[in-house]
Amino acid sequence: MGGLDDLYQEIILDHYRNQRNTGRLDDATVAVDQNNPLCGDEIHLELHIDDGRLTEVAHSGEGCSISQSSASMMSEALAGKTEDEALDLVEHFRLVMHGEQDADEDRLGDAIALEGVAKYPVRIKCALLSWMAAKDAILTHRSGDQTGG
Ligand code: ZN
C-alpha cells in the first residue's frame, strides 16, 4: 500500500501546486463562500449553469493543502455534469470521507487520492469544504429558479 499512498500524495501535491479552474467567471450563474474555521480554509466557488448542466466551475480561496487540492479536484470532477449528477457525486464523496462508501475512482477522478483523508477526522472538513460549497451553490441556484426547469 506504500506505493499507492505515495502516488496519492503526488496527486494531492500536484493539484495543490497547479490548481485547476481557479479564478472567477465572467458570467457566473451562482456564487457561494464557505469556510472551515477549524483550519482557516476559505473557498469562493462560482458555477455557470446552463440548461441544468455545470458548464463551468471556478474556485478561489486559501487554506491547507488538503482543502485547496480538493477544490481543484472537485472542479474537474463536477465540470460538465448535470446538477443531479453533481449532487450525487458530492454525496458519494461525502460518504467516502466518512468511511461509509467505497471510493469509485471512475466517478471521483483524481479526488480518489483523498480517500486516505477519511482516516484523519480533523482533515475531513478540509477535504469536504469545496464539495459542500458546490452542493450549496446548486441548491441556492435551484431555490432561486422560479421557472421550475
Ligand atoms: Zn484545512
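See the structure printed just above.
Everything numeric here is computed off the predicted structure, so don't read it as measured data. (Residues numbered from 1 in each chain as written. Predicted model: local features only at pLDDT ≥ 70, side-chain atom pairs only at ≥ 80, totals over all residues. Heavy atoms only, no water.)

*Asks:* Where do I start with the coordination of the zinc ion in this structure?
*Replies:* Tetrahedral coordination by four donors places them ideally at 109.5 degrees to one another around the metal; octahedral coordination by six donors ideally gives 90 or 180 degrees. The coordination sphere of the zinc ion contains the protein donors C39 (SG), D41 (OD), D41 (OD), C64 (SG) and C126 (SG), at a distance range of 2.2 to 2.7 Å. If you list the donors of the zinc ion from N- to C-terminus, the spacing comes out as C-x1-D-x22-C-x61-C. Note that D41 is positioned in strand β2 (residues 41-50) and C126 in helix α5 (residues 121-143), a separation of 85 residues in sequence. Grouping residues by exposure puts D41 and C126 together as buried. (Donors = N, O, S within 2.8 Å, 3.2 Å for Na, K, Ca; no water. Helix = DSSP H or I, 4+ residues; strand = E, 2+ residues; numbered from the N terminus. Buried < 20%, exposed > 50% of the residue type's maximum accessible area, 1.4 Å probe, protein only.)

*Asks:* Help me understand the nonpolar core in this model?
*Replies:* For soluble globular proteins, the rule of thumb is that nonpolar side chains tend to be buried together. Formed by 41 residues in total, the largest nonpolar core has its most connected members in L45, L47, L78, F93, M97 and W131. For this core, the secondary-structure elements that each account for two or more residues are α1 (2-17), β1 (30-36), β2, β3 (53-62), α2 (65-78), α3 (83-97) and α5. The dominant element in this core, judged by the number of residues it contributes, is α5, at 10 residues. When sequence neighbours within four positions are dropped, the list of residues in contact with L45 reads V30, A31, V32, V57, A58, H59, M74, S130, A133, A134 and A137. (Core = buried A, V, L, I, M, F, W, Y, C linked by side-chain atoms within 4.5 Å. Contact = heavy atoms within 4.5 Å.)

*Asks:* Sorry if this is basic, but what is going on with the packing of α2 against α3 here?
*Replies:* Between α2 and α3, whose axes approach to 10 Å, the crossing angle comes to 145°. Note that α2 runs across α3; the crossing there is right-handed. For the pair α2 and α3, contact is made by S70, A77 and L78 and by A86, L89, V90 and F93, respectively. Tallied by class, residues from the contact of α2 with α3 come to six nonpolar, one polar and no charged. (Axes fitted to C-alpha atoms, helices over the stretch in contact; angles between N-to-C directions. Left-handed = near helix turned anticlockwise from the far one by under 90°. Nonpolar A, V, L, I, M, F, W, Y, C, P; charged D, E, K, R; others polar.)

*Asks:* Any chance you could explain the environment of E76 here in plain terms?
*Replies:* Summarising the element assignment, E76 is placed in helix α2. Those residues within four positions of E76 in sequence are excluded, and the remaining contacts are H15, R20, N21 and D110.

*Asks:* How should α3 be read in this particular structure?
*Replies:* Turn by turn, an α-helix covers 3.6 residues, leaving residues three or four places apart pointing in a common direction. Over its 15 residues, α3 extends 21 Å from the first C-alpha to the last, a length consistent with the 21 Å expected when each residue adds 1.5 Å. Within α3 the residues assigned to the buried category are E83, A86, L87, L89, V90, H92, F93, L95, V96 and M97. Where the residues of α3 are buried, they touch β2, β3, α2, α4 (105-108) and α5. (Expected span 1.5 Å × (residues − 1).)

*Asks:* Teacher, can you tell me more about the sheet that holds β2 here?
*Replies:* Remark on secondary structure: sheet strands pair via backbone hydrogen bonds, oriented parallel or antiparallel. Across the sheet, three strands lie side by side as β1-β2-β3; this open sheet has antiparallel pairing. The open sheet is flanked by β1 and β3, the only strands paired with a single partner. Here the strands of the sheet are splayed against their neighbours by 20° on average, with no regard to which way each runs. By the bridge criterion, seven bridges tie β1 to β2 in an arrangement that is antiparallel. Along β2, the bridge assignment pairs D33 with H44. Contacting β2 and β3, α2 runs over the sheet at an angle of about 170° to β3. Of the strands in this sheet, β1, β2 and β3 are in contact with α5, which crosses β1 at around 150°. (Pairing = 2+ DSSP bridges.)

Function cannot be inferred from these measures alone, as they are strictly geometric.
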